[in-house]
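Examining the three-dimensional arrangement
Here are the chains, one letter per residue:
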Amino acid sequence: GTGAANKLDDYEEGTWTPSLTRRSVDPSITYTLQNGTYVKIGDLVTVSFDVRFSAISGGTGDFVIASLPFLCLNSAASGAVTEHTSGFQYPAGKTALTTESRAGADWLSFLTSGDSTSSSAGVNITNHNGYVIGSITYKA
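Residues numbered from 1 in each chain as written. Predicted model: local features only at pLDDT ≥ 70, side-chain atom pairs only at ≥ 80, totals over all residues. Heavy atoms only, no water.

**So, unusual backbone geometry**
The phi dihedral of Ser67 is positive, around 75°, even though this residue is not glycine. Here Ser67 lies in the loop between strand S5 (63–66) and strand S6 (78–84). Under the relative-accessibility criterion, Ser67 is labelled partly exposed at 34%. (Helix = DSSP H or I, 4+ residues; strand = E, 2+ residues; numbered from the N terminus. Buried < 20%, exposed > 50% of the residue type's maximum accessible area, 1.4 Å probe, protein only.)

Laid out in structure tokens, this is it:
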């Protein structure tokens with residue numbers, strides 16, 4: 001349609017700098033790459049990220065992808081993690097990794113699945129020279 005309600009008046013694309021951190025205390029990370037792109041159409045934002053690191057130590061709490069270009073409006077939008085290293089350690093019985101938005105947050109939590117259940121806790125990084133690549137669409 002051509003009416004005002006159908007007018008696309010909010011389109012934006014750009015880059016952002018994703019970071020890997022922990023929810024309680026930040027770890028020390030040596031990054032080798034931090035690439036992120038986004039497209040925002042209305043209130044839908046699609047972000048892609050490629051985070052690579054050569055050293056990581058310390059910190060406490062669950063690992064997250066932080067510094068999203070827009071705050072998440074709602075929880076439970078889920079996105080794909082297309083690749084990860086063997087340095088990511090999952091809880092027992094979990095074999096797959098995805099991301100999930102959190103209402104009011106500028107970060108994405110990791111979800112693991114397997115054993116017919118999902119969990120938002122327990123992802124650990126036990127190796128250096130790691131990476132995580134993925135994307136998600138969420139409402140802003």
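**Considering the packing of aromatic side chains**
A complete count under the given rule lists one aromatic pair for this structure. Against the face of Phe70 rests Lys40, its NZ or CZ located 5.5 Å from the ring centre. When the ring centre of Tyr131 is taken as origin, the NZ or CZ atom of Arg52, which lies over that ring, is 5.1 Å away. (Phe/Tyr/Trp six-rings, centres within 6.5 Å; stacked < 30°, edge-to-face > 60°. Lys NZ or Arg CZ within 6 Å of the ring centre and 35° of its normal.)

**Things to note about the side chain of Ser19**
Residue placement: Ser19 occurs in strand S2 (residues 19–22). Note on Ser19: relative accessible area 15%, which makes it buried. In this structure the side chain of Ser19 is engaged in a polar contact, spanning 3.4 Å, whose partner is the side chain of Ser67. Once you skip the residues sitting within four places of it in the chain, Ser19 turns out to touch Tyr31, Gln34, Val64, Ile65, Ala66 and Ser67. (Polar contact = N/O pair within 3.5 Å; in protein donor to acceptor, adjacent residues only side chain to side chain. Contact = heavy atoms within 4.5 Å.)

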